[in-house]
Amino acid sequence: MPTLTSKANPRFKELLARLRPGGARREATLLLGSKLIEAWAETRRTAAGKRLQPALWLRLEQAVPHPLEAILGAETQVLGEALMRELADAGSPPEHALLMDLGPEPAGPLAERVIGAWGIQDPGNLGALLRSAAAFGFQEALLGPGCADPFHPRALRGSMGAAFLMPLRRAARLEPDEGRWYALDGGPGAVPLAEADLSAPLRLWVGSEGHGWQGVDLPPAVRRLAIPIQGVESLNAAVAAGIACYEVARRSRP
């Protein structure tokens, strides 16, 4: 199998062009490394996992073929180290990567437990937030304006496969339905986490890293929810989400 080694190769240029659009314009993403590929493979028959479809397997030159290459049936392209390193955009190049076509966002009613991210700009923070939500039984994620791209490679690494466990969809505004809507915020009038009704249907929103909910006009049906802290001004957005999601899971245990 011929190895691509030149950045000027038309096929490599086409690959970069497919990965360049982000956010709502993204039509493809890259799973970097065997661990992330295997995490997706475990969920590929679920609704969230089916949103991503294998398009091209990328193998580092001299790397041993991965067992999933044959199972998934996608075409394989061998890349030289310099090209794989450019795709990885951080650290050493992985032995395997998988180009995925990204299908349309889900539609229809929301799940019983939904995590929402509003203005989370750092892909790693967004990935960590999704990972915590999935770990504590949340079933879907809403992404508000200003959110990082959940299928950016850094977000996928941060989520460690959580993006394949929950359907993800974008929300241009807060439009409360019949569920309980909370915005994590320690300001005046916020309900302490220990006193809040966290039963389903639940929509739990986390504000931006730097400004929280400043400048956002929350609808009356969205209540502010506070996590009591001391000695510091605020918590990291992903940490706050993890604490709140854990409390939801703890209360739901029989």
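Residues numbered from 1 in each chain as written. Predicted model: local features only at pLDDT ≥ 70, side-chain atom pairs only at ≥ 80, totals over all residues. Heavy atoms only, no water.

Caption draft 1: The arrangement of the sheet that holds strand S6 (residues 113–117) in detail. Read across the sheet, seven strands follow the order S8-S7-S6-S11-S9-S12-S10 without closing on themselves; strand pairing throughout is parallel. Pairing within the sheet leaves two strands with one partner each, and these edge strands are strand S8 (168–170) and strand S10 (191–192). By the bridge criterion, five bridges tie strand S9 (residues 180–184) to strand S11 (residues 202–206) in an arrangement that is parallel. Across the sheet, the residue bridging to Arg180 is Leu202, located in S11. Against the sheet, helix H6 (residues 123–135) makes contact with S6, strand S7 (140–143), S8 and S11, and its axis sits at roughly 170° relative to S6, the strand it touches most. Along the sheet, helix H8 (residues 237–252) contacts S6, S9 and S11; its crossing angle with S11, the most-contacted strand, is approximately 160°. (Pairing = 2+ DSSP bridges. Helix = DSSP H or I, 4+ residues; strand = E, 2+ residues; numbered from the N terminus. Contact = heavy atoms within 4.5 Å. Axes fitted to C-alpha atoms, helices over the stretch in contact; angles between N-to-C directions.)

Caption draft 2: Highlighting the environment of Ala117. Relative to the helices and strands, Ala117 resides in strand S6. On the basis of relative accessibility, which here comes to 1%, the residue Ala117 falls in the buried class. Apart from the residues lying within four places of it in its own chain, the contact partners of Ala117 are Leu126, Leu142, Leu143, Gly144, Cys147, Trp205 and Val206. (Buried < 20%, exposed > 50% of the residue type's maximum accessible area, 1.4 Å probe, protein only.)

Caption draft 3: Focus on the pattern of salt bridges. A complete count under the given rule lists 15 salt bridges for this structure. In this structure, the salt-bridge partner of Glu75 is Arg11, at a minimum N-O distance of 2.6 Å. Pair noted here: Glu75 is in strand S4 (residues 75–79) and Arg11 is in helix H1 (residues 10–19), with a separation of 64 residues, a long-range link. For Glu75, a relative accessible area of 44% gives the class partly exposed. Here Asp177 ties to Arg203 by a salt bridge, and the two come within 3.1 Å at their closest N and O atoms. Of the two residues, Asp177 is situated in the loop between S8 and S9 and Arg203 in strand S11; the sequence distance between them amounts to 26 residues. The exposure class assigned to Arg203 is buried, which follows from its relative accessible area of 1%. Connected via shared salt-bridge partners are Glu247, Arg250 and Arg251. (Salt bridge = Lys/Arg side-chain N within 4 Å of Asp/Glu carboxyl O.)

Caption draft 4: Spatial organisation of the pairing of strand S12 (residues 222–226). When S9 meets S12, the two strands line up parallel, connected through four bridges. Looking at S12, one finds that Leu184 is bridged to Leu225. Judged from the two bridges that link them, S10 and S12 form a sheet pairing that is parallel. Of the residues in S12, the one forming a bridge with Val191 is Leu225.

Caption draft 5: Focus on the pairing of S11. Summarising burial for S11: five of the five residues are buried, a large majority. Side chains Leu202, Leu204 and Val206 of S11 all project onto a buried face; the interleaved residues Arg203 and Trp205 project onto the opposite face, where all are buried too. Pairing geometry for S6 and S11, over five bridges, is parallel. Paired with Arg113 across the bridge in S11 is Leu202.

Caption draft 6: The arrangement of the nonpolar core in detail. If you look at the biggest cluster of nonpolar residues, it comprises 50 residues, and the most contacted ones within it are Leu31, Trp40, Ile115, Leu130, Phe138, Leu204 and Leu225. Residue contributions to this core peak at seven residues, all from H8. Setting aside its immediate chain neighbours within four residues, Phe138 contacts Arg113, Val114, Ile115, Ala133, Met166, Leu202, Leu204, Cys245 and Val248. Leu4, Leu32, Leu83 and Leu87 belong to the second-largest nonpolar core, a separate cluster that totals 17 residues. (Core = buried A, V, L, I, M, F, W, Y, C linked by side-chain atoms within 4.5 Å.)

Caption draft 7: Representation of H6 in the model. An ideal rise of 1.5 Å per residue puts 18 Å on 13 residues; H6 measures up with 18 Å between its terminal C-alpha atoms. Of the positions making up H6, those classed as buried are Pro123, Asn125, Leu126, Gly127, Leu129, Leu130, Ser132, Ala133 and Ala134. Residues of H6 that are buried sit in contact with S6, S7, helix H7 (153–159), S8, S11 and H8. Its side-chain oxygen placed 2.9 Å from the backbone nitrogen of Gly124, Asp122 serves as the N-cap of H6. Phi turns positive one or two residues past the end of H6, at Gly137, with a value near 90°. (Expected span 1.5 Å × (residues − 1). Polar contact = N/O pair within 3.5 Å; in protein donor to acceptor, adjacent residues only side chain to side chain.)

Caption draft 8: Summary view of the packing of H1 against helix H5 (residues 81–88). Contact geometry for H1 and H5: axes closest at 12 Å, N-to-C directions at 5°. The angle between H1 and H5 falls in the class roughly parallel. Side by side, H1 and H5 meet where Phe12, Leu15, Leu16 and Leu19 of the first sit next to Leu83, Glu86 and Leu87 of the second. For the contact of H1 with H5, the residue count by class is six nonpolar, no polar and one charged. (Parallel < 35°, antiparallel > 145°, perpendicular 65-115°, else oblique. Nonpolar A, V, L, I, M, F, W, Y, C, P; charged D, E, K, R; others polar.)

By themselves, these are just geometric observations and shouldn't be taken as functional.
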